Amino acid sequence: MTGKTVHLKINRQDGPSSEPYVEEFNVPWRPSMNIISALIEIRRNPMNINGDETTPVQWESVCLEEVCGACSMLVNGKPRQACSTLVDTLEQPIHLAPLKTFPCERDLMVDRQKMFDALKEVKAWIDIDGTYDMGPGPKIPEKDRQWAYELSKCMTCGLCFEACPNVNPYSSFIGPAPLSQVRLFNTHPTGQIQAEERLDQIMGDGGLTSCGNAANCAEVCPKEIPLTHSIAELNKATTLYSFKRFFQL
Amino acid sequence: MNRQKIAVVGGGLAGLMATLKIVEMGMNVDLISLVKVKRSHSVCAQGGINGACNMKGENDSPWEHFDDTLYGGDFLANQQQVWGMCQKAPEIIYLFDRMGVMFNRTPEGHLDFRRFGGTQHRRTAFAGATTGQQLLYALDEQVRKYEAEGRVTKFEGWDFVSAIIDEQGICRGLTAQEMISMDIKVFKADAVIIASGGPGMIFGRSTNSLINTGSAAGKLYQQGAIYANGEFIQIHPTAIPGEDKLRLMSESARGEGARVWTYKNGQPWYFLEDKYPAYGNLVPRDIATREIFDICVNQRLGIDGENKVYLDVSHINPERLNVRLGGILEIYEKFMGDDPRKVPMKIFPGVHYSMGGLWVDDHQQTNIPGLFAAGECDYSQHGANRLGANSLLSAVYGGMVAGPEAATYVRNNSQSVDDVDERVFTSQLKADKDEITAILSMNGSENPYTLHHEMGELMTENVTVVRENKNLVKADEMLTEMMARYKNINVQDTTKYHNHSVSFIRGLSGMMDLAKVITQGALHRNESRGAHYKPEFPDRNDDEWLKTTMAAFDTQKRNPSFSYAEVDTSLIEPRKRDYTQNKKGGVTS
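About the cut-offs
Residues numbered from 1 in each chain as written. Chains lettered and ligands numbered in written order. Predicted model: local features only at pLDDT ≥ 70, side-chain atom pairs only at ≥ 80, totals over all residues. Heavy atoms only, no water. Helix = DSSP H or I, 4+ residues; strand = E, 2+ residues; numbered from the N terminus. Buried < 20%, exposed > 50% of the residue type's maximum accessible area, 1.4 Å probe, protein only. Contact = heavy atoms within 4.5 Å. Areas by Shrake-Rupley, 256 points an atom, 1.4 Å probe, with all protein chains shown as cover. Lys, Arg positive; Asp, Glu negative; His and termini not counted. Charge placed at Lys NZ, Arg CZ, Asp CG, Glu CD. Core = buried A, V, L, I, M, F, W, Y, C linked by side-chain atoms within 4.5 Å. Pairing = 2+ DSSP bridges. Domains from an automatic or database assignment. Buried area = accessible area lost by both parts, 1.4 Å probe. Salt bridge = Lys/Arg side-chain N within 4 Å of Asp/Glu carboxyl O. Polar contact = N/O pair within 3.5 Å; in protein donor to acceptor, adjacent residues only side chain to side chain. Patch = residues over 30% accessible without salt bridge, like charges linked within 9 Å, V, L, I, M, F, W, Y side chains within 5 Å. Axes fitted to C-alpha atoms, helices over the stretch in contact; angles between N-to-C directions. Parallel < 35°, antiparallel > 145°, perpendicular 65-115°, else oblique. Nonpolar A, V, L, I, M, F, W, Y, C, P; charged D, E, K, R; others polar.

Caption draft 1: Local environment of the overall build of chain B. If you tally the helices and strands in chain B, you get 15 helices and 21 strands. For chain B, with 589 residues in total, the buried portion stands at 66%. Considering only residue pairs separated by 6 or more positions, chain B has 72% of its internal contacts joining residues 24 or more positions apart. Counting only carbon and sulfur atoms, one obtains 47% of the accessible surface of chain B, whose full area is about 19300 Å². Distance between charge centres in chain B, computed from 64 positive and 74 negative side chains, equals 3 Å.

Below is the structure:
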């Protein structure tokens, strides 16, 4: 043990309607340590910086390798995945806080259900006839597959919602990630069959037109999904579709 | 008329596949999952899914896939079940293709396939190096469609507590607790499918997600379900050691040409290629793991004297690497800071997968009528060692069988859950509520997370790559001591709102019992087979040990009681494994 420690300042809240407060911790430093390791350390020895016993900090995390999307939080004010955020890359004290755009449930945990509800609204699935043995799917050119795969890596982590100025209590904006999913499914040869149904869903209130082109979403996406590009492409698609509808083509 | 209802516990590939099949058969599903199903551990699977689609002109067939799987598993798996899976495998891959999974393609636009360990055929379909994530998302999307139609009700963020078993020993539902509100409730069901995943957290750090505690399987074992082949734990040869977890570096890296090496006398030594000319770096995992372990621990030839060897892709074209392995290279870069396209990765074996699990029959039904199991939590497909890219397949296949089998069971069952005496439900609910109250008042001196950490170290030290009987005896004694220390736990947190300690302490009890099943199962099995290796008994001994370990919980003694069942070898005669040369075709029994 080197004796080196990591200083953490954590925004805490005992329940959804409790008052938030800040508690500070010192935990032993280790090489290649990430934010989750620091939180695990607090759980094994829940004592704050003053040496008082306290309750273990509650947070959400599952895979610890940035493929599940669970551990979103604010680290020194930036929306990040806590698992892939290494302590040595940060200024101390490291300030951890729950995402602000979603309701806080306890400590660093927030309720992101609205993202999943949005996926329902935009029909983010391929409408297959059933899980029966019906042979292979359509052929897809590898170059198209490569960029569609980038879109399909969305973990529904919520960082793009946090960064977007238009996702807020005064707006009904559906958010960047679900829009990008529309583009994904509307590109797939089978998904295309229901493309217009999905466009209908995003042409109304809270849809595409609520995007203010701030472009913060693509910047914070941990999977580097080209969200702004998806939104631009959808703008073109909806314009064409509006003409088509207007002229009843 | 109300539709009959089946409860599915677990929202990974197995649980979601079962759910889809049940809905297609006209019943409704209550889907109970500890986390948002989209965050289930299936997302961590990287390299691909096996199916003998025979798209590479290599004369591949489901029979060849079947023989590779049995051979790789050292013939401990029941053959009819494995044969069923290998026959269905191409159909399963095509189903995901229809669901829109962005599998890598050939120039002609067909699915591409690559090689994996323990086979000489290219039969692994893949979506970059995040195949598990992509397959899970496809099922998540399909289930969301049924959720929107009201056919599936999701209970996400709910922790399985107990099965509800009536006086006749039939499963009638379950209890679960919502993590946020901490409400506990009864889920009545005409049948229950457990798809709760593997028990990696019993070993503390592993390649598994934090949610893979094995506590649901542990609780069911305590309630009378038989746990089979528990001692067979796969240690993956190539993981990156980390403080919080061991991050997997997929076998697909070697499928794409990665080489494993270390320095010997100042020269790079490609020890797997030297020793196993026929399979080279693609020997099955148990063999690669033992070789790396031997190089580091016995020969002390690890990099800089540490327990690490190189996994090297730096000789491969970076463009090709990005398209075919992008996901894992990003993980290495983000967590280790080095670019594997330029410098060799440093890896060491880590606990990865449990071949053992809840015992199931040919219908995926446990010994408790009405209780089915599928996915890593069941024992049925992999024998003594799992081949790479067979886990996504077995998870999906298990769900594909368990769903319809549960639905058929419900149709043929004379007594509906609505006719069961209400007291059956209320008494289980009361017992579970009492347990929560007891946990919330634990005020001893042991930290539950530290106790778990110690158990993990103990298990990793004594019950992984090399197993010595004297160490297994000692480990079992230590587990008994830890069970005593468990009673002296301090809950630390009495908040009645998302109190993780409560579910963790509850689950730790079952984890400790499964740890005993694993340790004692290993102690009794005096042979070496697949992942189970004892230097004292270095050979496979079919005369005495070609049999399934069956552990039943002895409530009085709080100890497993073991019996052994015949293995079905009706299709291919067991033969000795030898990866130094090409596999010879299996002889039909």
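Caption draft 2: Summary view of the nonpolar core. Core analysis: the largest hydrophobic core is formed by 248 residues, its most contacted members being Leu8, Ile35, Leu39 and Leu96 of chain A together with Phe96 and Met455 of chain B. Looking at this core element by element, the count peaks at 12 residues for helix α10 (residues 391–412) of chain B. Contacts of methionine 455 of chain B, omitting those with residues within four sequence positions, involve Ile202, Leu479, Met482, Leu508, Met511, Met512 and Ala515 of chain B. Counting residues in hydrophobic clusters, the runner-up holds 8 residues, among them Phe232, Met355, Ala384 and Val567 of chain B.

Caption draft 3: Looking closely at the pairing of strand β21 (residues 559–566) of chain B. Here strand β20 (residues 547–554) of chain B pairs with β21 of chain B via 8 bridges, running antiparallel. Bridge pairing in β21 of chain B links threonine 548 of chain B to alanine 565 of chain B.

Caption draft 4: Expanded view of the domain arrangement of chain A. Residues and elements named next belong to chain A. Domain annotation for chain A reports domain 1 (5–110) and domain 2 (113–246). The interface is formed by 13 residues belonging to domain 1 together with 12 residues belonging to domain 2. Contact between domain 1 and domain 2 buries roughly 1000 Å² in total, counting both sides, with carbon and sulfur atoms accounting for 60%. The three residues of domain 1 that bury the most area against domain 2 are Pro79, Thr101 and Phe102, which together make up 48% of that side's buried surface. If you look at where domain 1 meets domain 2, you find 1 salt bridge. Counting across the domain 1 and domain 2 interface gives 5 residue pairs in polar contact (both at pLDDT 80 or more).

Caption draft 5: Spatial organisation of a nonpolar patch on the surface. Among the surface-exposed residues, Phe243, Phe246 and Phe247 of chain A lie close enough to one another that they form a single nonpolar patch of about 400 Å² accessible area. The topology assignment puts phenylalanine 246 of chain A in helix α8 (residues 227–246).

Caption draft 6: Spotlight on the packing of helix α6 (residues 195–202) of chain A against α8 of chain A. Residues and elements named next belong to chain A. One can describe the packing of α6 onto α8 by two numbers: an axis separation of 10 Å at closest approach and a directional angle of 100°. The orientation of α6 relative to α8 falls into the category roughly perpendicular. Residues Glu196, Leu199, Asp200 and Ile202 of α6 pack against Leu234, Ala237, Thr238, Tyr241, Lys244 and Arg245 of α8. In terms of residue class, the contact of α6 with α8 is made up of 5 nonpolar, 1 polar and 4 charged.

Caption draft 7: A look at the interface of chain B and chain A. Contacts between the two partners involve 66 residues from chain B and, on the opposite side, 74 residues from chain A. Area buried by chain B at its contact with chain A is led by Arg39, Arg98 and Met102 of chain B, which between them contribute 15% of it. Counting the contacts that link chain B with chain A gives 7 salt bridges. Here lysine 334 of chain B and glutamate 66 of chain A are joined by a salt bridge, their closest N and O atoms 2.7 Å apart. The interface formed by chain B and chain A includes 39 residue pairs in polar contact (both at pLDDT 80 or more). When residues of the side of chain B that touches chain A are traced back to their parent elements, those giving at least two are α1 (13–24), α3 (79–98), α4 (131–148), β13 (247–248), α9 (318–336), α12 (448–462) and α14 (500–524) of chain B. The element best represented in the side of chain B that touches chain A is α4 of chain B, accounting for 9 residues.

Caption draft 8: Spotlight on the pattern of salt bridges. In the structure shown here, the tally under the stated rule is 66 salt bridges over all chains. Aspartate 200 of chain A is the salt-bridge partner of arginine 245 of chain A, the closest N and O atoms lying 3.0 Å from each other. Here arginine 245 of chain A, found in helix α8, pairs with aspartate 200 of chain A, found in helix α6; they are 45 residues apart in sequence, far enough to count as distant. The class of arginine 245 of chain A is partly exposed, set by a relative accessible area of 44%. Arginine 525 of chain B is the salt-bridge partner of glutamate 231 of chain B, the closest N and O atoms lying 2.8 Å from each other. Taken as a pair, glutamate 231 of chain B in the loop between β11 (227–228) and β12 (233–240) and arginine 525 of chain B in the loop between α14 and α15 (542–545) lie far apart in primary sequence, 294 residues in all. For the pair shown, glutamate 231 of chain B and arginine 525 of chain B are each scored as buried. When salt bridges that share partners are traced, they join Asp74, Glu231, Asp286, Arg290, Arg525, Glu527, Arg529, Arg540, Asp542 and Arg577 of chain B into one network.

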